[in-house]
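Geometric and topological summary
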Amino acid sequence: MNVFDILGPVMIGPSSSHTAGAARIGRIARTLLGTEPVKADILLHGSFAKTYKGHGTDKALIAGIMGMETDDPRIRLAPELAREQGLEVNITTGDIDGAHPNTARVILTDAHGRTVILLGSSIGGGNILVREINGMDVSITGQHTTLIVLHRDAPGTIASVTEVLADAGVNICNFRLSREQKGGQAVMTIEIDGSFGQELNDKVQVLPNIFSSTMLQPI
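Just so it is clear, the model here is predicted, and its values are computed rather than measured. (Residues numbered from 1 in each chain as written. Predicted model: local features only at pLDDT ≥ 70, side-chain atom pairs only at ≥ 80, totals over all residues. Heavy atoms only, no water.)

1. Thoughts on the overall build of the chain
- Along the backbone of the chain there are 7 helices and 10 strands.
- The C-alpha atoms of the chain give 17 Å as radius of gyration, which agrees with the globular expectation for 219 residues (17 Å, within 12%).
- For the chain, with 219 residues in total, the buried portion stands at 47%.
- In the form shown here, the chain has an accessible surface area of approximately 10300 Å², with 49% of it arising from carbon and sulfur atoms.
- Placing the 18 positive and 23 negative side-chain charges of the chain at their respective mean positions leaves the two points 4 Å apart. (Helix = DSSP H or I, 4+ residues; strand = E, 2+ residues; numbered from the N terminus. Rg over C-alpha atoms; globule rule 2.2 N^0.38 Å. Buried < 20%, exposed > 50% of the residue type's maximum accessible area, 1.4 Å probe, protein only. Areas by Shrake-Rupley, 256 points an atom, 1.4 Å probe, with all protein chains shown as cover. Lys, Arg positive; Asp, Glu negative; His and termini not counted. Charge placed at Lys NZ, Arg CZ, Asp CG, Glu CD.)

If you want it as C-alpha cells, here you go:
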C-alpha cells in the first residue's frame, strides 16, 4: 500500500471515484485520440449513471476530455467551457454487461472523423482501470508508463516491438495482447518501469505492421 491509497488524490470534490477517477478516464481517452476532439459521446453505467449529476461525474469526464488535471478548479465549469470551445458532448445512461458500477464508455471524434472508443472504470481512491479500447480487451491502470500499440496481427510484430524496448533498456512489468481475429487488428498494452521520452514511442511507431503507438505517462 502506498500513500496515495491512504490519502487519495489531490482533486476537486466531492468524490475520488466519481470525480478524480472520471477525469482520468477522460484524459486517457483524449490521449488515445491524439488530436483535439470535437465530439464526445459518453455512456454512464451503474452508480455513475445514478448519481453523476450530484457527484459531478459528467463535469469530471468532460474536464478530462479537455485535458484538465484532477485538481483543476475549472472542472466545475467544464460543460460550459466545452460549449465555448466547440466540443459537442452527449451524455446517456444505460447498462453495460459485466461492468464495474463506476463505468463509462467514451467515444471521441476529431474534426477528420477519426474516433476512439474507451471503456473505463473508476475503482476507488481515484484509481482507474481501462478495460476496452476500440472493442478490444485491455488492462490499463494509468499507474505505469504504458505503450498502447495498435497493429496488424502478423508474425514477428510483437518481437520487433519488444526488441526496441530491450535495446532501450526498458523493463516490461505487464504485457497484454488482444486481437479482433487472426490476421486482423490487434492491440498490445505494455506497462513499463520508469519514465521514457517520446523518442521511444517514435521508434515503435515506424515499425512494420504498426498502425499507431501511444505512450501514456502515469496520471
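2. A word on the sheet that holds strand 10 (residues 210-216)
- Spatial ordering of the open sheet is given by 8-9-7-10, a layout of 4 strands whose pairing is antiparallel. Of all strands in the sheet, those with a lone pairing partner are strand 8 (172-179) and strand 10, marking the two edges. Averaged over all neighbouring strand pairs, the angle between strand axes comes to 15 degrees, with direction disregarded.
- Helix 6 (residues 157-167) rests against strand 7 (145-152), strand 8, strand 9 (185-192) and strand 10 of the sheet, and its axis sits at about 25 degrees to strand 9. (Pairing = 2+ DSSP bridges. Axes fitted to C-alpha atoms, helices over the stretch in contact; angles between N-to-C directions. Contact = heavy atoms within 4.5 Å.)

3. Some remarks on the pattern of salt bridges
- For the structure on display, the rule yields 5 salt bridges.
- A salt bridge links D72 to R74, with the nearest nitrogen and oxygen atoms 2.8 Å apart.
- Its relative accessible area of 13% is what places D72 among the buried residues.
- The class of R74 is partly exposed, set by a relative accessible area of 43%.
- Here D153 makes a salt bridge to R179, at a shortest N to O gap of 2.7 Å. Taken as a pair, D153 in the loop between strand 7 and helix 6 and R179 in strand 8 lie far apart in primary sequence, 26 residues in all.
- Among the residues examined, D153 registers a relative accessible area of 18% and is labelled buried. (Salt bridge = Lys/Arg side-chain N within 4 Å of Asp/Glu carboxyl O.)

4. As for the sheet that holds strand 4 (residues 115-124)
- Taken together, 6 strands build an open sheet; the order of strands is 2-1-3-4-5-6 and the sheet is mixed. With partners counted over all chains shown, the strands left at the sheet margins are strand 2 (88-93) and strand 6 (136-140), one partner each. Taking each pair of neighbouring strands and ignoring which way they run, the sheet shows an average axis angle of 20 degrees.
- As paired elements, strand 5 (residues 127-133) and strand 6 share 3 bridges and run antiparallel to each other. Following the sheet pairing, I133 is matched in strand 6 by M136.

5. Re the pairing of strand 1 (residues 37-45)
- As defined by bridge partners, strand 1 adjoins strand 3 (residues 102-110) across 8 bridges and the pair is classed as antiparallel. Residue pairing in the sheet places H45 in a bridge with T103 of strand 3.
- Note: strand 1 against strand 2, 6 bridges, orientation parallel. By the bridge assignment, I42 is partnered in strand 2 with I91.

6. Details of the nonpolar core
- Formed by 40 residues in total, the largest nonpolar core has its most connected members in L44, L61, V106, L108, V130 and I133.
- Ranked by the residues each element gives to this core, the list is headed by helix 2 (residues 16-33), at 7 residues.
- Counting residues in each nonpolar core, the second largest holds 14 residues, with V161, L165, I190 and M215 among its members. (Core = buried A, V, L, I, M, F, W, Y, C linked by side-chain atoms within 4.5 Å.)

7. Things to note about the environment of G34
- The residue G34 is located in the loop between helix 2 and strand 1 in this model.
- Residue G34 is classed as exposed on the basis of its relative accessible area of 61%.
- With 81 residues separating them along the chain, G34 and T115 place their C-alpha atoms 9.9 Å apart.

8. Considering the side chain of E191
- Relative to the assigned elements, E191 resides in strand 9.
- Look at E191: it is buried, it has no salt bridge, and the nearest opposite charge is R176 at 10.0 Å.
- Within polar-contact distance, the side chain of E191 engages the side chain of T141 at 3.4 Å.
- Ignoring any residue separated from it by four or fewer positions in sequence, one finds E191 in contact with S139, I140, T141, H144, T145, T146, N171, I172, C173 and N174. (Polar contact = N/O pair within 3.5 Å; in protein donor to acceptor, adjacent residues only side chain to side chain.)

Spatial relationships are all this shows, so hold off on functional conclusions.
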